[in-house]
Amino acid sequence: MTSVFIQMLYGFRYSVSFVSLGMFLVSMLIIYIVDGIGGLEGVTEFMKMMPDGIKAMFKLDEGLSSVTGFIAVEYRDPGYFMIGLGFAIAIASGLVAREIENGTILMFGAMPIKRWRYLLSKIAALVLGLLVVVIAAGLGTYIGSLLTNTTSDIDFTVISLVLVNFLVLTLAVSGITAALSSKLSSGGRTVSIAAAIMAVMYFIDLLSSLLDLISNIDFLSLFHYYDPGAISNSGQLNLEHILVLLGITIITYGLALYVYNKRDITV
Amino acid sequence: MILLHVANTMTAVIELHSLTKDYGKVKALRGVNLCVNQGTIFGFLGPNGAGKSTTIRILMGFIKPTDGNATIFGQDSWHKSYTLKSRIGFVPDTIRFGKSFTGRSFLEYTAQLRGIKGTPMFQKQLLDQLEMPEQVLKRKVHTYSSGMAKKIALIQAMQHKPELMIFDEPTEALDPISRKTLFTAMKELQKEGSTILMSSHILPDIQEICETIALIKNGSIQSEGSVDQLRQGKSRNMTVEFKTLPNSDPVIPGVTLLSKEGNIWSFNIVDNLKGMLQYLTSHNIVDLEYQKLSLEDLFLSAYENNSKDIKI
């Protein structure tokens, strides 16, 4: 349903604009940091100075002694996660739960549209919103490099692949949140649970390189499948990682549609 | 939307058969049976938590019954919800639109979702009658007063002249003029063959507009019928001031003499007003006062006494 899709986009136009601006500015800031610490030489020095434990924790191996590598691993910065994934969680939580909480579902649920089609239209708008946010991050990197004359130091193919990996990560996060949103009737609860799941996953991934016990369950974390450093090293996407994240996205969105189709709507 | 013009036929539009809904241990509906015929304005009465909104939400396909079934136009309200909604106009008890809509964009959006191209003529008429000028429609809906929000919700539900309208508390927050206008519009649609089911706490509204009424309590229907039918079997008091006192106490079936204070006698009458009037015509009386039994009295007697004595 085009009307629902357009209305959903219109409804979160300000959120998309502000989040995109945030991603754009953070990406530009990273370029300015690279420039500030002395370009390629500075980045190499910086990497040498960093303790091995920290490098392992943030997946910054020795191969990252390039400007592109430095920028790529910065895409694992918690700031990016908070903005990008926070946006995915906030919007996905509104797909069903917040509509029930607000009571708007009684008005729009009375329209002659199949429930799954209504939700699918909203999901399509959300996916487009996430795409815009990720493109804004890439644009920030590119424009930042133009302004600092570092364009030649950066491999934008690698940066694009990192952003593709980041996009499918945000999709998987939004899918999990959408499934929760379809089941729950409170937007706040949906956000809390989704954020808690992501925090646990983030720390599993963060500590997996330091603790053997956790390294065995690292595969359970979505962040395990997001590795900009490896993309920078190999110059290509890890297809297995992409497929896992896309698989989670499809399954969780499918679950969201199924649950919403079957559930009682009690406002 | 083409309306079916089937006047004076008693085709059932809504049928509820042993409709039951449990929320865990809470029984919201306990085997509700109900039939709403085409072309009627049907009132659904009950106190808070009686099961009105649960019934309405089952009809709208928002919730699935635990047992029994609800059909609209002969189709299951849960399984055929999508198909049925194109024939229904709905106003929920809680009116929420979302913050991004103006009055105009909300009406356009809901019309689009219904597959209506352009502005329906009846929408223009309703906007005019309910005094919603273009300046008001340009404003964000969340800035509207509750009365204005109700008007917009009613217009979106009626603009396509649906065959069935389900209104949950439609007159709440409406001013008396808008209320009258709404009733006129409802009557107009009824004449064209539409059926209307409305729930309300405002008993005079139900009494004024509804031909048939169902009283629901604790998840089951207590009684159903017209106000006159509901009055049957209910006792009413009459006070008579005699010019000349009767020689003996009246012996009339259904009439009980309650008290005598000089020449002022009080009677209780059950279903035999005619017999009482015949008795009075044979006596010289100065004045009389007969208790008017309003829907409110019936409602209160049904709910306050915890009784099931209203039988049709």
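First things first, this report covers the structure right here in the doc. (Residues numbered from 1 in each chain as written. Chains lettered and ligands numbered in written order. Predicted model: local features only at pLDDT ≥ 70, side-chain atom pairs only at ≥ 80, totals over all residues. Heavy atoms only, no water.)

**A closer look at the nonpolar core**
Our working rule: Among buried residues, the Ala, Val, Leu, Ile, Met, Phe, Trp, Tyr and Cys ones that are joined through side-chain atoms within 4.5 Å form a nonpolar core. Relative accessibility decides the category of a residue: with a 1.4 Å probe and only protein chains considered, values under 20% of the type maximum give buried, values over 50% give exposed, and everything between is partly exposed. What counts as a helix is a DSSP run of H or I of at least four residues, what counts as a strand is a run of E of at least two, and both are numbered from the N terminus. Residue contacts are counted whenever heavy atoms from the two residues lie within 4.5 Å of one another.
Formed by 153 residues in total, the largest nonpolar core has its most connected members in B:Met158, B:Phe167 and B:Met186. The dominant element in this core, judged by the number of residues it contributes, is helix H10 (residues 156-183) of chain A, at 15 residues. In contact with B:Met186, not counting residues within four places along its chain, are B:Ile41, B:Met158, B:Phe167, B:Ile196, B:Met198 and B:Ile209. One finds B:Val240, B:Ile252, B:Trp265 and B:Tyr279 within the second-largest nonpolar core, a separate group that totals 11 residues.

**Some remarks on the sheet that holds strand E9 (residues 212-217) of chain B**
In any sheet, the strands associate via hydrogen bonds between backbone groups, in a parallel or an antiparallel arrangement. Residue and element names in this part refer to chain B. Selection criterion: If DSSP finds at least two bridges between two strands, the strands pair. In this description, a line fitted to the C-alpha atoms serves as the axis of each element, helices being fitted only across the stretch in contact, and the angle between N-to-C directions of two axes falls anywhere from 0 to 180 degrees.
Across the sheet, which stays open at both edges, the 6 strands sit in the order E6-E7-E8-E3-E9-E10 with mixed pairing between neighbours. Two strands in the sheet have a free side with no partner beyond their single neighbour: strand E6 (88-91) and strand E10 (220-225). Taking each pair of neighbouring strands and ignoring which way they run, the sheet shows an average axis angle of 15°. Pairing of strand E7 (residues 164-168) with strand E8 (residues 195-199), which is carried by 5 bridges, proceeds in the parallel orientation. Bridge pairing in E8 places Asp168 opposite Ser199.

**Details of the sheet that holds strand E2 (residues 26-37) of chain B**
Residue and element names in this part refer to chain B. Taken in spatial order, the 4 strands line up as E2-E1-E4-E5 in an open sheet, and their pairing is antiparallel. The open sheet terminates on both sides in strands that have one partner only, identified here as E2 and strand E5 (75-76). Taken together, the 9 bridges between strand E1 (residues 12-23) and E2 define a ladder with antiparallel strand orientation. Its bridge partner lying in E2, Tyr23 is registered against Val26. Against the sheet, helix H1 (residues 52-59) makes contact with E1, E2 and strand E4 (67-72), and its axis sits at roughly 115° relative to E1, the strand it touches most.

**Remarks on the pairing of E9(B)**
Successive side chains on a regular strand alternate, one facing one side of the sheet and the next facing the other. Residue and element names in this part refer to chain B. Burial analysis of E9 places 5 of its 6 residues in the buried class, which makes it a mostly covered element. Pairing of strand E3 (residues 41-45) with E9, which is carried by 4 bridges, proceeds in the parallel orientation. Paired with Gly43 across the strands is Ile213, a residue of E9. Linking E9 to E10, which pair antiparallel, is a turn of 2 residues; within it Asn218 sits at a positive phi near 50°.

**Focus: the pattern of salt bridges**
Keep this limit in mind: What makes a salt bridge here is a side-chain nitrogen of Lys or Arg within 4 Å of a carboxyl oxygen of Asp or Glu, nothing more.
Tallied over the full model, the rule gives 13 salt bridges over all chains. For the salt bridge of A:Glu99 with A:Lys122, the shortest nitrogen-to-oxygen distance reads 2.4 Å. Of this pair, A:Glu99 sits in helix H7 (residues 97-102) while A:Lys122 sits in helix H9 (residues 115-148), placing them 23 residues apart in sequence. What makes A:Glu99 buried here is its relative accessible area of 8%. B:Asp205 is the partner of B:Arg179 in a salt bridge, and the nearest nitrogen-oxygen pair spans 2.3 Å. Taken together, the residues B:Arg179 in helix H7 (residues 176-191) and B:Asp205 in helix H8 (residues 203-209) connect sequence positions 26 residues apart. Here B:Arg179 and B:Asp205 have matching classes, each one buried. A single salt-bridge network, built from bridges that share partners, covers B:Arg179, B:Lys180, B:Asp205 and B:Glu208.

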